[in-house]
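Observations on the model geometry
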Amino acid sequence: ARRELDASDLLGPGHGRRGRGWIALAAATDVVTRTEQGDVAGARASYERGVMPFAALAPFGGMELVARECEARVKLLEGDPAAARELLAPLIKNIRLSDATRAQVHALLARAAADLGEADVAADHATKARALAPHCRLVPDTLAPPPAELPVAVATTKPAAPSP
């Protein structure tokens, strides 16, 4: 994801007012990749330059949710899990979130709880994240062991009917 984002040049200068939404989404992706790589300064800079201004300009249509998640990721990386949890906890009951997004929020809340030393709470959030997105690896096995066996989707095809 990092290579593709860099190759897109969406975060480079010269994109102007056109494409601001794409720039904000690219910046959000940049925050995610940088936080996963442990780049605190880069994640914070991308959040402040690309996500925060757009969220202030268009605080609707889900952009405030994206900004909240990005800020929480940065807070977690900066070592402030309590602030991250404060940002994320209200999202769990937000009806606008899909199951996949809610799973991601639970995964981030699991990390925050683990960082706060709340193993039971972390395990609960990790279990909920896995239930909502069973085929995604959102939380490490150390937060909650994965279920013994996940259902596997099997594609079945019918043989083509003979043509007359």
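It should be noted that the structure appears before, not after, this text.
Being a predicted model, the structure only gives us computed values, none of them experimental. (Residues numbered from 1 in each chain as written. Predicted model: local features only at pLDDT ≥ 70, side-chain atom pairs only at ≥ 80, totals over all residues. Heavy atoms only, no water.)

A short note on the pattern of salt bridges
For the coordinates displayed, the defined rule picks out ten salt bridges. The residue glutamate 69 makes a salt bridge to arginine 73 at a minimum N-O spacing of 3.1 Å. Of this pair, glutamate 69 and arginine 73 both sit in helix H4 (residues 63-77), four residues apart, which is roughly one turn of that helix. We classify glutamate 69 as buried; its relative accessible area is 17%. (Salt bridge = Lys/Arg side-chain N within 4 Å of Asp/Glu carboxyl O. Helix = DSSP H or I, 4+ residues; strand = E, 2+ residues; numbered from the N terminus. Buried < 20%, exposed > 50% of the residue type's maximum accessible area, 1.4 Å probe, protein only.)

Observations concerning helix H6 (residues 99-115)
With 17 residues, H6 extends 24 Å between its outermost C-alpha atoms, agreeing within 8% with the 24 Å of an ideal straight helix rising 1.5 Å per residue. Inspection of H6 places Arg102, Ala103, Gln104, Val105, His106, Ala107, Leu108, Leu109, Ala110, Ala112 and Ala113 among the buried residues, and these make up the whole buried set. Buried residues along H6 sit against H4, helix H5 (81-88) and helix H7 (119-132). Of the residues flanking the end of H6, it is glycine 117, one or two places downstream, whose phi is positive at about 80°. (Expected span 1.5 Å × (residues − 1). Contact = heavy atoms within 4.5 Å.)

With respect to the side chain of lysine 75
Within the element layout of this structure, lysine 75 appears in helix H4. Summary of buried charges: lysine 75 has no salt-bridge partner, and the nearest side chain of opposite charge, glutamate 71, is 4.5 Å away. (Lys, Arg positive; Asp, Glu negative; His and termini not counted.)

By themselves, these are just geometric observations and shouldn't be taken as functional.
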